[in-house]
Amino acid sequence: MSRTVNCIILEREAPGLAKPPYPGELGQRIFDNVSAEAWQRWLAHQTMLINENRLSPINPEHRKFLEGEMDKYFFGDGSAAPDGYVPPED
């Protein structure tokens, strides 16, 4: 049987992650409160942030920025798209 969490993004019970997706306390909070579906939504948002802001995941300053956005996305007021961002048409 899969593990479920009361997802703070979906605002309902949903299948949880198999393990913490990020190190440290933030990763544990995500593991305890975020569903696998909501994590996938974050990954898509993070990809947009990386592309639009021309970030490099190997740059420590960029990683710190992404960690802050992740915290805001799940536990704060949300992570906004960069100014002028236009989502692609389907």
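Anyway, here's the lowdown on the structure attached to this text. All figures in this text were calculated on a predicted structure; none of them were measured in a lab.

## Points about the packing of aromatic side chains
Then comes step 1: Scanning all chains against the criterion turns up 5 aromatic pairs.
Then comes step 2: Ring geometry for tryptophan 42 and phenylalanine 74: centres 6.2 Å apart, planes at 55°, overall tilted. Taken as a pair, tryptophan 42 in helix 2 (residues 36-52) and phenylalanine 74 in helix 3 (residues 60-75) lie far apart in primary sequence, 32 residues in all. Across this residue pair, the class does not change: tryptophan 42 and phenylalanine 74 are buried.
Then comes step 3: On the basis of an interplanar angle of 90° and a centroid distance of 5.0 Å, the ring pair of tyrosine 73 and phenylalanine 74 is categorised as edge-to-face.
Then comes step 4: The exposure class of tyrosine 73 is buried, given its relative accessible area of 18%.
Then comes step 5: Between arginine 3 and the ring centre of phenylalanine 31, over which it is positioned, the NZ or CZ distance is 3.6 Å.
Then comes step 6: For the cation-ring pair, arginine 29 lies above phenylalanine 75, with the distance from its terminal atom to the ring centre recorded as 3.8 Å.

## Here we look at the nonpolar core
Then comes step 1: Formed by 20 residues in total, the largest nonpolar core has its most connected members in Ile30, Val34, Trp39, Trp42, Met70 and Phe74.
Then comes step 2: Breaking this core down by element, the ones donating at least two residues are strand 1 (4-7), helix 1 (24-33), helix 2 and helix 3.
Then comes step 3: Top element by residues in this core is helix 2. It accounts for 6 residues.

## Focus: the packing of helix 2 against helix 3
Then comes step 1: Look at helix 2 against helix 3: their axes get within 11 Å of each other, and the N-to-C directions meet at 140°. Here helix 2 is positioned oblique relative to helix 3, judged by the angle of their axes. In this structure, helix 2 meets helix 3 at a crossing whose hand is right-handed. Taking contact as the criterion, the partners of Ala38, Trp39, Arg41, Trp42, His45, Gln46, Leu49 and Ile50 in helix 2 are, on helix 3, Leu66, Glu69, Met70, Tyr73 and Phe74.

Rules used in this analysis
Residues numbered from 1 in each chain as written. Predicted model: local features only at pLDDT ≥ 70, side-chain atom pairs only at ≥ 80, totals over all residues. Heavy atoms only, no water. Phe/Tyr/Trp six-rings, centres within 6.5 Å; stacked < 30°, edge-to-face > 60°. Helix = DSSP H or I, 4+ residues; strand = E, 2+ residues; numbered from the N terminus. Buried < 20%, exposed > 50% of the residue type's maximum accessible area, 1.4 Å probe, protein only. Lys NZ or Arg CZ within 6 Å of the ring centre and 35° of its normal. Core = buried A, V, L, I, M, F, W, Y, C linked by side-chain atoms within 4.5 Å. Axes fitted to C-alpha atoms, helices over the stretch in contact; angles between N-to-C directions. Parallel < 35°, antiparallel > 145°, perpendicular 65-115°, else oblique. Left-handed = near helix turned anticlockwise from the far one by under 90°. Contact = heavy atoms within 4.5 Å.

That is the geometry; function is a separate question.
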